[in-house]
Amino acid sequence: MASDDILELLRNNNPFISSASPLPWENNNPDLLQLSREASEDIEQLMRSKRREPSTPLAGLVLGEAGSGKTHMLTRILRRLRSNSRPAVFVAVKTFRDPDSVTRHLLTEIFISLKRIHSNGRTQFDMIMSEFFDSYQERRREDGFSGVEISKIDPRVYVAKDIPELEKTFLKCFVRCMTGESLERSEILDWLSEGLDDEDSLRLGLPSRDLSSMTDARRELEAEKVLSALGHVLAYAKVPMVVCFDQLDAMRDRALISAWGNIISLLMNDLVGILPLCFVRSEIWNDVIVPVLDDAVVQRLRNNSMIMRTCSLAQARQLIRARIEATFQENSEEIFQWLMERIGDRLRDGYSPRVIIELANHAITATGATPKGDEAPEPSENDVASAIKSAYEEEYKKVQSEPGVWPPNSDQLALALGVWLEAHGGFEFSKSDIKNVKLIGKYRGRDFSFITVTGKSHFVASAGLKRGIDFMEACKGGLCYYVTEETVHKSTWKQANDALKAFERLGGHSVMLDANDRIRWYALTALINRIDNGDVNLYLRDGNRTATREDLKGFVKSLKLLDFPFDGEAPEPTPAPDPEPKVDEAALCNILSSIVDVSPMKMLGAQQGVRLLAQRGIDMTEAELLDYVAREKTFKLFKQADKNSIITFTKR
């Protein structure tokens with residue numbers, strides 16, 4: 001084949017387009033079976049011990065570079081467990097940012113993973129409850145009940161007997177999840193993890209759980225209670241949960257490291273059924289984390305430490321070859337030899353799998369021949385900006401494809417906002433101690449503050465807006481922004497909306513993020529997390545290096561997060577919008593089908609359908625959804641009574 005033909009073939013079907021591995025249970029990329037085999041065997045042994053005795057205080061420390069094959073290793077473990085009918089749950093935790101909310105952050109990340117719908121249409125929580133139900137039936141048979149008798153007895157009575165530590169409200173929740181419908185199960189998970197407003201709690205027959213109005217300390221205690229209850233459920237179901245703490249390299253604040261250490265101690269010593277795995281670079285562990293952690297936590301982690309190995313040159317070539325062979329049925333050897341020639345001497349011994357994949361991708365996507373040695377000119381600012389833009393677009397696509405992984409979170413919005421402000425210069429600001437007032441400071445002598453509200457509570461929204469009103473009245477000429485999300489701030493909140501009008505009359509600015517806006521903000525947060533973790537590599541004309549916050553500034557300044565009256569700058573032309581997803585009707589059909597398929601009797605209320613679509617980043621009114629269903633042949637309207645009834649539909 002001609003060189004140009006091979007290049008066109010690779011660019012049209014690039015096996016190295018993304019270095020980010022999918023989730024362990026959906027990862028089908030070629031694997032290097034010998035890479036870090038000892039680490040995977042050690043982790044599997046820890047999981048077996050945790051299954052046999054859920055209360056055993058265990059934790060694992062995995063030392064290695066970012067991109068060293070963690071997902072492939074977990075995939076290997078998961079496949080072996082499944083082949084032996086030994087289910088397990090895997091949770092990935094994004095970097096911690098606030099020492100006052102580490103338990104709440106952990107709980108949120110766990111429930112995000114538990115609620116994700118996999119390719120089989122089920123969630124990890126569905127699997128837990130299936131095993132929970134099997135364990136319940138097995139215990140009842142041991143008590144002498146027949147199958148018919150088991151179906152007639154009250155599960156709450158006997159689960160309470162089996163798990164006396166489970167508080168009554170949590171007992172009710174998990175028994176309802178065991179026996180109830182999928183949609184109700186999802187709402188109960190929301191009640192447990194983030195709370196629901198009074199109306200939704202009442203409908204579920206559960207007490208009010210307005211977490212947003214609680215103090216940080218109280219919310220931490222509530223999160224710990226839920227984690228404890230979940231641990232007992234996991235132990236009962238005989239399903240270990242592996243919690244993978246990644247992006248730990250971004251933790252440099254001593255208070256944050258100490259708070260994280262308390263979380264590890266909690267998981268090891270006070271909870272059951274949960275195995276923490278900590279992934280971090282060796283130098284960060286030894287130089288930054290160890291000096292802060294309690295000696296008992298350090299020693300326990302060191303007792304089960306593992307090392308993720310980098311690739312030899314032969315393994316690097318093997319990885320590239322395997323990906324090409326998996327993509328191309330014909331001419332794979334010729335394509336492989338061509339690509340290796342194009343990569344040249346940039347491929348070296350000791351690189352992580354991620355760096356190897358990124359090098360191959362760069363060789364395919366770079367314009368012209370890949371320069372070598374003295375031929376390489378100095379990189380320009382445009383090279384760095386282009387590389388950062390590509391990394392941002394990758395994060396944008398991830399957030400766009402899985403909006404449920406990024407539920408409303410004021411800390412993450414504040415992180416993106418702070419970096420955006422710093423990129424423009426002239427700002428002096430700090431984190432505020434006042435609830436919901438995230439940033440406060442001055443811009444060229446002018447007072448400003450940012451209020452972020454992401455809790456589903458009209459009381460919290462009203463309180464936040466009241467603080468904005470107080471600020472505007474106290475700081476004449478000041479700037480105050482109220483930032484929330486359209487799915488959070490409800491039009492039915494009379495008190496909050498009256499406060500919003502008063503806030504805007506005083507000159508306050510309201511920012512309601514829609515489905516597309518929130519992707520932009522959370523994609524920036526995801527990129528910041530990766531850069532702070534040393535996880536973004538720049539492949540420049542003079543070589544490779546890790547991206548820094550400084551590299552981020554030029555690109556971030558060009559992003560349009562909100563309208564801010566920057567002083568001393570000429571009005572800028574409206575920048576081209578970031579890529580915003582337009583969900584076509586074929587994509588909507590696939591998403592709606594996956595929702596309906598797991599619904600009871602394959603029927604779904606339209607109001608609930610609107611809510612579940614919003615969780616996946618698709619905003620539609622009930623009328624728009626029903627109009628779509630009426631004309632889409634895949635579905636049909638099932639019944640309709642009076643005007644106030646819920647209209648349901650089912651797949652044809």
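In what follows, the structure referred to is the one given above.
Only a predicted model underlies this, so the values are computations on that prediction, with no experimental measurement involved. (Residues numbered from 1 in each chain as written. Predicted model: local features only at pLDDT ≥ 70, side-chain atom pairs only at ≥ 80, totals over all residues. Heavy atoms only, no water.)

Asker: What is the right way to read the side chain of Lys94 from this model?
Answerer: Looking at the secondary structure, you find Lys94 in the loop between strand S2 (89-93) and helix H4 (102-115). On the basis of relative accessible area, Lys94 is assigned to the buried category, the value being 14%. Beyond its immediate chain neighbours, meaning those up to four positions away, Lys94 contacts His105, Glu109, Ile112, Asp246, Gln247, Val405, Trp406 and Gln412. (Helix = DSSP H or I, 4+ residues; strand = E, 2+ residues; numbered from the N terminus. Buried < 20%, exposed > 50% of the residue type's maximum accessible area, 1.4 Å probe, protein only. Contact = heavy atoms within 4.5 Å.)

Asker: Could you clarify how one ought to interpret the pattern of salt bridges in this entry?
Answerer: Opposite charge on two side chains lets them pair, provided their charged atoms get close. Considering all chains together, one arrives at 38 salt bridges under this definition. The partner of Arg203 in a salt bridge is Asp200, with the nearest N and O atoms 3.1 Å apart. Residue Arg203 and its partner Asp200 are located together in helix H10 (residues 198-204), separated by 3 residues, close to a single helical turn. Exposure remark for Arg203: the relative accessible area of 46% places this residue in the partly exposed category. (Salt bridge = Lys/Arg side-chain N within 4 Å of Asp/Glu carboxyl O.)

Asker: What should I look at first to understand the sheet that holds strand S6 (residues 427-431) in this one?
Answerer: The strands that make up a sheet pair up through hydrogen bonds in the backbone, lying either parallel or antiparallel. Strand order in this open sheet of 5 strands is S6-S7-S8-S9-S10, and the pairing throughout is mixed. The sheet terminates laterally at S6 and strand S10 (509-513), the two strands that pair on one side only. Going across the sheet, the axis of each strand differs from the next one's by a mean of 20 degrees, ignoring polarity. Bridging between strand S8 (residues 446-452) and strand S9 (residues 479-485) involves 5 bridges; their strand directions are parallel. Paired with Thr452 across the strands is Val483, a residue of S9. Contacting S6, strand S7 (437-443), S8, S9 and S10, helix H19 (residues 410-424) runs over the sheet at an angle of about 15 degrees to S7. (Pairing = 2+ DSSP bridges. Axes fitted to C-alpha atoms, helices over the stretch in contact; angles between N-to-C directions.)

Asker: Would you take a moment to explain empty space enclosed by the protein for this structure?
Answerer: In this approach a probe as big as a water molecule rolls over the atoms, and the regions it shows empty are the leftover space. Evaluated as defined, the whole model comprises 5 cavities of 30 Å³ or more. The volume enclosed by the second largest cavity comes to roughly 50 Å³. Together, Arg104, Leu107, Leu192, Ser193, Arg209, Leu211, Arg219, Glu222 and Ala223 line the second largest cavity. Secondary structure elements with two or more residues in the lining of the second largest cavity: H4, helix H9 (182-193) and helix H11 (216-237). The element contributing the most residues to the lining of the second largest cavity is H11, with 3 residues. (1 Å grid on protein atoms, 1.4 Å probe; cavity = no way out; pocket = protein on both sides within 12 Å on 5 of 7 lines; lining within 4 Å. Points joined across faces, edges and corners; volume = space filled by probe spheres on them.)

Asker: Honestly, the side chain of Thr123 in this entry has me stumped. Any pointers?
Answerer: Summarising the element assignment, Thr123 is placed in the loop between H4 and helix H5 (124-142). Setting aside residues up to four positions removed in sequence, Thr123 forms contacts with Leu114, Lys115, Arg116 and Ile117.

Asker: Is there a simple way to explain the nonpolar core in this structure?
Answerer: Nonpolar side chains tend toward joint burial in soluble globular proteins. Formed by 76 residues in total, the largest nonpolar core has its most connected members in Ile110, Leu192, Met241, Phe245, Trp260 and Trp285. Ignoring anything within four residues of it in the chain, the contact list for Trp285 reads Leu61, Leu63, Val280, Val290, Leu293, Val298, Leu301 and Arg302. Among the nonpolar cores identified, the runner-up in size contains 48 residues, and Val405, Leu524, Phe555 and Phe564 belong to it. (Core = buried A, V, L, I, M, F, W, Y, C linked by side-chain atoms within 4.5 Å.)

Read these as layout, nothing more, since geometry by itself doesn't imply function.
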